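Listed here are the chains, written in short residue letters.
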Amino acid sequence: MSSRARLLMFAVAALAIGVFFAVACTELPRFGGSAHPYGYRVVAAALDHRTANVVSSVNFDVRAFDTLGEESILFTTVLGATLLLRLARDERQVAAASEDVLPTTRLFGAVLLPISLVVGVYIIAHGQLSPGGGFQGGVILATGLHLGYLAADYRVLQRVRPLAALDVADSLAAASFTAMGLAGLAAGGAFLRNVLPLGTFNTITSGGMVPLFNAAVGIEVASGVIVLLAHFLDQAVETTGPRE
Amino acid sequence: MGVWPYLAAGWILLVALYGMVTSRNLIHAIGCLAVAQSSTYVLLLAVGYRDHGTAPVFSDLEPGSRPLVDPIVQALVLTDIVVGATVTALLLALTIQLRKRHGTVDPQALTGLKG
């Protein structure tokens, strides 16, 4: 298909989507309005389960089954990237060269690496109390580790990330989410049902299972993102194909 | 603001689709897909917004003292972001393999099948 015909087809389709979408928008509830029937119910459910952060309560209590699926997507992505980016027959692995960095960059990395790790753990641990949780804290932990790559070089990053252990941690964290769900079933309730005491509102032990789910997801996201980035960095730094 | 926030989401989607249709580079197309996905964030957050509302976090907020924005759509956006990031990662990995096997990242140059 010529690019002109392609553009013409797109113009027709875009016009149709645009018109129907605009008409549908006029039927939506008014922007900024106060009618949020599900919102009301979920706030009541979160307060009932003594979880101060309602978004965490939605993700790990009301919609925990959904989050299990989301967590499986993350797990299979890491698996898929590992498969796609493995060393092909005609490729060789070469050791990364040592790089020079500015002393100020090195200082910046050395100061911020421990801070970002502490912030990541804090965000995961306080997911039921303040904005944040397993997904957000896990990403902070994973990116914090890559300060080693920015402020030193690739060989330093390889020393601070035990990839084999992280692979296992990723799988164990993914499995533990299901195992905790089965605990609800074993206790005579339903899959992913809360079986722990709810604790005191607005303390770190409140929310029943929510902090545990947060921790499992935090470990999975952190190790998953590190493994994922490791495969991409390997491609850029260490792998040479037949053409190069 | 009336209906404009919803329409902005539709506009972002159409701009991203235009980018994907005219793209001559798969990395660029993946960027456009990420933009298309961000239109869903705009739509979801526009649905959940409430005038004079605050964040649905009760760590320093008396329950019932202020109106809250809808926490459900916020949780949906969180899911959306995670899925978007993972899809982008897989597509980028596929693009790396394409570049290795076919020597090009131009989708219009990829015509024949190759074992």
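As the structure is a computational prediction, the values presented were derived from the model and not from experiment.

A short note on the overall build of chain A
A count of helical and extended segments in chain A gives ten helices and two strands. Since a compact globule built from 244 residues should have a radius of gyration of about 18 Å, the 23 Å found for chain A marks it as more spread out than a globular shape. Considered along the principal axes of its C-alpha atoms, chain A spans approximately 60 × 55 × 40 Å. For chain A, buried positions account for 42% of its 244 residues. In chain A, once contacts between residues fewer than 6 apart in sequence are set aside, the share between residues at least 24 apart is 73%. Carbon and sulfur atoms make up 69% of the accessible area of chain A, which totals about 12900 Å². Of note, chain A has its 15 positive side-chain charges centred 4 Å away from the centre of its 17 negative side-chain charges.

Focus on the confidence of the model for chain B
All names here are of chain B. Of all residues in chain B, 98% attain a pLDDT of 70 or more, and the chain-wide mean is 90. For chain B, the element scoring lowest by mean pLDDT is helix H3 (residues 71-102), at 91; helix H1 (residues 4-22) scores highest, at 95. Both confidence scores are given for the complex: pTM 0.88, ipTM 0.86.

Some remarks on the packing of helix H9 (residues 163-186) of chain A against helix H10 (residues 210-237) of chain A
Residues and elements named next belong to chain A. Relative orientation of the contacting elements H9 and H10 amounts to 145°, with a least axis distance of 8 Å. Relative to H10, H9 is oriented so that their crossing is left-handed. From H9, Leu163, Leu166, Asp167, Ala169, Asp170, Ala173, Ala174, Ser176, Phe177 and Met180 reach across to H10, where they touch Leu212, Phe213, Ala216, Val217, Ile219, Glu220, Ser223, Gly224, Ile226, Val227 and Ala230. When the residues that make up the contact of H9 with H10 are grouped by side-chain class, the tally is 15 nonpolar, three polar and three charged.

Section: a nonpolar patch on the surface
A surface patch of nonpolar side chains, amounting to about 340 Å² of accessible area, comprises Leu107, Val111, Ile115 and Val119 of chain A. In this structure, Leu107 of chain A sits in helix H5 (residues 103-125).

Considering the pattern of salt bridges
Pairing between side chains becomes possible if they bear opposite charge and their charged atoms approach one another. Counted under the stated rule, the structure contains three salt bridges over all chains. Salt-bridge contacts for Asp66 of chain A lead to Arg63 of chain A; the nearest nitrogen and oxygen are separated by 2.4 Å. The exposure class of Arg63 of chain A is buried, given its relative accessible area of 16%. Between Asp106 of chain B and Arg24 of chain B there is a salt bridge; the shortest N-O distance is 3.0 Å. Of this pair, Asp106 of chain B sits in the segment after H3 while Arg24 of chain B sits in the loop between H1 and helix H2 (26-48); the two residues are 82 residues apart in sequence, bridging distant segments of the chain.

Notes on the interface of chain A and chain B
Counting residues at the interface gives 53 residues for chain A and 48 residues for chain B. Considering only the side of chain A, the residues that lose the most area to chain B are Phe10, Phe31 and Leu84 of chain A, jointly responsible for 17% of the buried surface there. Connecting chain A to chain B are one salt bridge. The shortest N-O distance in the salt bridge between Arg30 of chain A and Asp51 of chain B comes to 3.8 Å. If you look at where chain A meets chain B, you find eleven residue pairs in polar contact (both at pLDDT 80 or more). Breaking the side of chain A that touches chain B down by element, the ones donating at least two residues are helix H1 (3-27), helix H2 (37-48), helix H3 (54-62), helix H4 (64-84), helix H6 (134-145) and H10 of chain A. The element contributing the most residues to the side of chain A that touches chain B is H1 of chain A, with ten residues. Within the side of chain A that touches chain B, the residues separate by chemical class into 31 nonpolar, 15 polar and seven charged.

Rules used throughout
Residues numbered from 1 in each chain as written. Chains lettered and ligands numbered in written order. Predicted model: local features only at pLDDT ≥ 70, side-chain atom pairs only at ≥ 80, totals over all residues. Heavy atoms only, no water. Helix = DSSP H or I, 4+ residues; strand = E, 2+ residues; numbered from the N terminus. Rg over C-alpha atoms; globule rule 2.2 N^0.38 Å. Buried < 20%, exposed > 50% of the residue type's maximum accessible area, 1.4 Å probe, protein only. Contact = heavy atoms within 4.5 Å. Areas by Shrake-Rupley, 256 points an atom, 1.4 Å probe, with all protein chains shown as cover. Lys, Arg positive; Asp, Glu negative; His and termini not counted. Charge placed at Lys NZ, Arg CZ, Asp CG, Glu CD. pLDDT = per-residue confidence, 0-100. Axes fitted to C-alpha atoms, helices over the stretch in contact; angles between N-to-C directions. Left-handed = near helix turned anticlockwise from the far one by under 90°. Nonpolar A, V, L, I, M, F, W, Y, C, P; charged D, E, K, R; others polar. Patch = residues over 30% accessible without salt bridge, like charges linked within 9 Å, V, L, I, M, F, W, Y side chains within 5 Å. Salt bridge = Lys/Arg side-chain N within 4 Å of Asp/Glu carboxyl O. Buried area = accessible area lost by both parts, 1.4 Å probe. Polar contact = N/O pair within 3.5 Å; in protein donor to acceptor, adjacent residues only side chain to side chain.

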